[in-house]
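Working through the structure, step by step
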Amino acid sequence: MKRTMIRINPVFSVSLTIVGTLVVLGAVAPDLLDAVSAQVHEVILERFGFAYLLAGLAFLLFCLFLAFSRFGNIKLGADEEKPQYSYFGWFSMLFAAGMGIGLVFWGVAEPLSHYVSPPEYLAASSPESAAFAMRYSFFHWGVHPWAIYIVMSLSLAYFSFRRGMPPLISSCFYPLLGRKIYGPIGQTIDILAVFATVFGVATSLGLGALQIGGGLGELFGIPGGIGTTMVIIVVVTVLYLMSSMTGLDKGIQILSRTNVMVALVLLAGMTVLGPTFFILDLFTDTLGAYLANLLPMSLTTAPFAGYRWINSWTVFYWAWWISWSPFVGLFVAGISRGRTVREFIVGALAVPALLTFVWFSVFGGAALHAQISGGAAVAEVALQDSAAALFAVLQVYPLSGLLSVLAVLLLAVFFITSADSATFVLAMMTSRGSFSPSAVKRFTWGIIQSSAAAVLLLSGGLEALQRMAIVAALPFMVVMLFMMRSLLAAMRYELTIEAVQGEIAETEIPANNSLGPT
Amino acid sequence: MLNTALLPLSGRETARRLRTLVADLTQLGTRRVLLLHVASGARTAPGRRRRLEEAQELFTDAGIAATTELRSGSPPFQIATAARESADYVAFCWRRKSWLQRTVVGSTAGDTIRLSDTPVYVHKAALTRSRWLPFPAAEAAHLHQSSEDGSDPYVVVYATDFGPADADIMPYLRRLSRPHTQLVLLHVARRAPDPAAEQRREAYAEHNLKRLAGECGASEVTYRAVTGSPKRHLAHEASRLGAHLLVLGKRDKQSALETILGSTAETLVHQTRASLFIVPPSRLVVSTPADQTEAGSR
């Protein structure tokens, strides 16, 4: 009798089980999950802050080294390949995936929060704390997050498009682990990536839904509350599931382009309607301060004063970017085929960071101006409810209704784009790296993400889940350090050994040996 | 080619060690030895002069012409300079140092390998004398066939990276051979970035090892390719193969990390229990017909 064997992908089944268990735990016993995650989270941020800072700087230096060394000429694909997407399409997708909804959420709230609640060695609500707030907002959202993403995405793109391996994080370790990447070690790395992605994205979606709810309340007086948030999640889920079924080339690209267009219109609107020259001064001044203090800030652990502040902001952010890196890395790798390493690094490091700086200068600047010169109490709003801060600032300036509509639209499109790309990436990671994962898997992960966000918003376990993502970032930081080592070994091999092998193979080795580089 | 050896002596070498070295150098066909003692200060202790003279007697008795020389300054630098001036190679009578000793006092042999542009032979007495196989004896034993008289073969392992050093080292390999020598060509290299490239790399290694085996012309040649870091695996593989002598070339270009941490050859001298023969880059080998005859007769 013929027996049918069903092979279950262990990465899919194990990660689904872990995610499901933690979501159920968060729904049924949020207090327990909260207590455990808070403790682990606290220990990690308290004890390993220095490691995150050192690793963050190492990632940045590594990117600069690759970009400006001979490795920069290597193409992420075959030598004759051309980039799949135009610069505008590529930057749009980079920006949407890398920063996305978080930027809209924190663009106003973070500078205000640092302004009224700086480290203890600075006086709160002072000119010094305002400059500090802007500088650190630039720092947290500047080149470091992109360096983290680049290490991940560059490795994935190199090993997938240049070396022909499946686009899985475990593939990046072939030079170090060999065939072990197909066994438990490789699978553990991939499961960890799925774990960090689901929790990171679910948390972001939950927070995004809250902010959209806040915006709708401001605009149309729709009462906030859990019912409204649930409706938002359901509507957005339907939209992004529809988009995810159309694939990377259509849905996500169109959404990302729309996103950047709306963001640029909102930026321009706010610059013109807000304190224009103050914003321009602030941008110039903060950019100078950021560049001058980049290295000291990269290594500031503040052991004498401000230790807790650094841990709860900088270290948290670094862990957060690392936990997002599998998702962003896979997505960015997928859209970067055909670019050279130098083009990829310079583009991904400079352009999104510059747009982020402009964003913070415009919205953070408008908020600080309203708080300092206009006497509006927007900082208090930001401290009480970060989600409402953006709309509170928009209310201060002319055409607030129009700008608020644009902001809600931007939030919704960002929300859909993030969820859409995360669904695609998760399905890819659990399909042995297939670039065309099955619709069932895409649908499954889409539903799981939204359900996780909804259930944990209901139970109050969303923050606990965010902490779990941060916890996952610690082992992932180690994984990423080895990833740099592996990528460098592979690139060095290509430029030294393979170059020599190729020359020798042409003259000496029989044709049936088929030697030489690809 | 290996006619004149420079033998640095610290004065702490025992007579027994020197005797095994004398036998070894005789086997290599060395006819002249320059015994050099480098004093760190301006004065040389009288005891050191006496030890040099004793060593000179030992070599002369064995039929090797020996002269002595005293210098002062940095030992590795003086050894490298003296070798460049008047010797075909440097021979070290190895004395093991712990990691702590090496860190605090330094290693003359290691530094000489770094500085020297003549070949360096590091004689490790224990293995050469007893011919024991240090690591899994059973594993090493099945790799090598005993000679007809039942004695173990003299195992020479040549670590090759298929670079230009191969051409320089090949004549030395012939000279370093002894009766019933088993030559093992060993290639240790890092893994390629992907499975397909790895297959090509393995095929490339196999092809080159076969070619080199053919070029060696020795009767007992085997080869082995290993994946991994040469620095980490060479010593282990040499032990596993029961090597008595490990031969390798020294690259002239080093990475930044190697400049700080030391090259593979410098590291290996402390890790392996086999004697070492290290050939510097672009060493012009003048192989005389007499050399070839001698090598063939051994």
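Residues numbered from 1 in each chain as written. Chains lettered and ligands numbered in written order. Predicted model: local features only at pLDDT ≥ 70, side-chain atom pairs only at ≥ 80, totals over all residues. Heavy atoms only, no water.

On to empty space enclosed by the protein, then. All names here are of chain B. Tallying each qualifying case throughout the model produces 2 cavities of 30 Å³ or more. Of the voids in this model, the largest cavity is the one considered here, and its volume is about 60 Å³. Sort the elements by how many residues they give to the lining of the largest cavity and helix 2 (residues 46-61) lands first, with 4 residues. Grouping the amino acids of the lining of the largest cavity by side-chain chemistry returns 4 nonpolar, 3 polar and 3 charged. (1 Å grid on protein atoms, 1.4 Å probe; cavity = no way out; pocket = protein on both sides within 12 Å on 5 of 7 lines; lining within 4 Å. Points joined across faces, edges and corners; volume = space filled by probe spheres on them. Helix = DSSP H or I, 4+ residues; strand = E, 2+ residues; numbered from the N terminus. Nonpolar A, V, L, I, M, F, W, Y, C, P; charged D, E, K, R; others polar.)

With respect to the helices, strands and loops of the structure, Arg232(B) is situated in helix 10 (residues 230-240). Spatially, the C-alpha atom of Arg232(B) lies 8.8 Å from that of Thr264(B), the residues being 32 residues apart in sequence.

Relative to the assigned elements, Leu457(A) resides in helix 19 (residues 439-459). Taking the C-alpha atoms as reference points, Leu457(A) and Gly329(A), separated by 128 residues in sequence, lie 27 Å from one another.

One turn of the α-helix equals 3.6 residues, which is why residues spaced by three or four share an orientation. Over its 17 residues, helix 5 (residues 100-116) of chain A runs 25 Å from end to end, which matches the ideal 24 Å to within 8%, given 1.5 Å per residue. At Trp106(A), helix 5 of chain A is deflected by roughly 50°, the largest bend along its length. (Expected span 1.5 Å × (residues − 1). Bend = angle between axes of the 7 residues up to and from the residue.)

Moving on: the nonpolar core. Residue and element names in this part refer to chain A. The biggest cluster of nonpolar side chains holds 186 residues, and the ones touching the most others in it are Tyr52, Leu66, Ile169, Ile345 and Phe363. Broken down by element, this core gets its largest block of residues, 19 residues, from helix 14 (residues 307-335). Every residue in contact with phenylalanine 363, bar those within four places of it in the chain, is listed here: Gly107, Val108, Leu266, Leu267, Met270, Leu390 and Leu394. (Core = buried A, V, L, I, M, F, W, Y, C linked by side-chain atoms within 4.5 Å. Buried < 20%, exposed > 50% of the residue type's maximum accessible area, 1.4 Å probe, protein only. Contact = heavy atoms within 4.5 Å.)

So, about the confidence of the model for chain B. All names here are of chain B. Taken as a whole, chain B shows an average pLDDT of 79; of its residues, 79% reach a score of 70 or greater. Taking the mean pLDDT of every element in chain B, the minimum, 40, falls on helix 13 (residues 289-297) and the maximum, 93, on strand 1 (residues 4-8). Low pLDDT, under 50, characterises residues 127-144; the predicted model gives this stretch 38 contacts beyond four residues in sequence or across chains. Counting contacts from residues 284-298, a segment whose pLDDT is below 50, to residues more than four positions away or on other chains yields 20 contacts. With pTM at 0.82, the complex prediction returns an ipTM value of 0.74. (pLDDT = per-residue confidence, 0-100.)

Below, the discussion takes up the packing of helix 5 of chain A against helix 9 (residues 184-220) of chain A. Residue and element names in this part refer to chain A. Packing of helix 5 against helix 9 leaves a shortest axis separation of 10 Å and a crossing angle of 50°. Classified by the angle between their axes, helix 5 and helix 9 sit oblique to one another. In terms of crossing hand, the pair formed by helix 5 and helix 9 is left-handed. When helix 5 is examined against helix 9, the residues Ile101, Val104 and Phe105 are found in contact with a partner set consisting of Ser204, Leu207, Gly208 and Gln211. Split into classes, the residues belonging to the contact of helix 5 with helix 9 amount to 4 nonpolar, 3 polar and no charged. (Axes fitted to C-alpha atoms, helices over the stretch in contact; angles between N-to-C directions. Parallel < 35°, antiparallel > 145°, perpendicular 65-115°, else oblique. Left-handed = near helix turned anticlockwise from the far one by under 90°.)

Okay, unusual backbone geometry next. Residues and elements named next belong to chain A. Within the chain, serine 125 stands out as a residue other than glycine whose phi angle is a positive 55°. Inspection of the secondary structure puts serine 125 in the loop between helix 5 and helix 6 (127-141). Accessibility expressed as a relative area gives 41% for serine 125, which makes it partly exposed. Its identity is not glycine, yet alanine 302 carries a phi of approximately 50°, on the positive side. Tracing the backbone through its elements, the reader meets alanine 302 in the loop between helix 13 (294-298) and helix 14.

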